[in-house]
Amino acid sequence: MDQQVHSYLKEGYKLVWADEFNENGPNPANWKYEKGFVRNKEKQWYQEDNAWCENGLLIIEARKENKLNPSYKMESDQWRSSRKNIEYTSSSINTAGMHTWQYGRFVMRAKIDVSAGLWPAWWTLGKKGEWPSNGEIDIMEYYKGKILANIAIGTRKRYTAEWHSRTKSVEELGGKEWASVFHIWRMDWTEKDIALYVDDELLIKVNMDKLHNKDEKGINPFKQPHYMLLNLAIGGINGGEPHDAKFPKRFEIDYVRVYQK
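Residues numbered from 1 in each chain as written. Predicted model: local features only at pLDDT ≥ 70, side-chain atom pairs only at ≥ 80, totals over all residues. Heavy atoms only, no water.

Q: Teacher, can you tell me more about the pattern of salt bridges here?
A: Oppositely charged side chains may form a pair once their charged atoms are brought near each other. Applying the stated criterion to the full structure yields 21 salt bridges. Taking the shortest distance from any N to any O, the salt bridge between K168 and E201 comes out at 2.2 Å. Separated by 33 residues along the polypeptide, K168 in strand β12 (residues 161-169) and E201 in strand β15 (residues 201-207) bring together distant segments of the chain. Using a relative accessible area of 16% as the deciding quantity, one classes K168 as buried. Given the relative accessible area of 31%, E201 is considered partly exposed. (Salt bridge = Lys/Arg side-chain N within 4 Å of Asp/Glu carboxyl O. Helix = DSSP H or I, 4+ residues; strand = E, 2+ residues; numbered from the N terminus. Buried < 20%, exposed > 50% of the residue type's maximum accessible area, 1.4 Å probe, protein only.)

Q: Explain the packing of aromatic side chains here, please?
A: Two aromatic rings, taken as a pair, are described by how far apart their centres are and by the angle between their planes. Going through the model one piece at a time under the given rule, you end up with 14 aromatic pairs. Relative to W45, the ring of F37 has its centre 5.1 Å away and its plane inclined at 90 degrees; by these criteria the two rings are edge-to-face. Assigned by exposure class, F37 and W45 land together as buried. Over the ring of F37 we find R83, and its NZ or CZ is 4.6 Å from the ring centre. A cation sits over an aromatic face here: R186 above Y197, 3.9 Å from the ring centre. (Phe/Tyr/Trp six-rings, centres within 6.5 Å; stacked < 30°, edge-to-face > 60°. Lys NZ or Arg CZ within 6 Å of the ring centre and 35° of its normal.)

Written out as structure tokens, the structure reads:
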């Protein structure tokens, strides 16, 4: 038995879902792809070609490419359609419509590239509601030299979130040497609180009582099932410019596991 599974069994957790990425994939029974320019004014065009499994790892690869944007419209002032060319490609996969969970211990072992302009993430979104009132949890997020642990809820202003966040600089963690190896990100999500960790170091813990949407409905978006997403973005509103990055760049995931009591 895997040492992690055995250790968590002692705490009362049972493994309820996992993808070890040991087969060809990503497994279409677990993951579906996002396509095109999707969010945050990011530079990459999401497509299926940039994600695959090899040697027991899920590889999400960002590439510098030059392709015509099929959504281009000459007179458009919208960021998705005003770009004549696609300059970067990558992949974003999620479990929406196939696998959702409410509460549990979520664990990922992965290696991230911390080059300028990259924005890898492992996160969840609530099944019901419009963002951010459906709730967002960023279990692993990196950009501009720091890792982030975020929990977002809705406010009275549409598409405007209230963030509960903690950051830690990669330099503080160990710099390039730290980033060159795999690490374990974890979320413990219970009826009482949400706690986010890296390598067993607590980054943030927020009581569930503080996570009701700040609108007239006041729903707690973390008292519903969430689905998970894995992606490697470039640039956009947070990622910064990929000035010195030599492509291709990879986000490598060994496994993703969900435990529940």
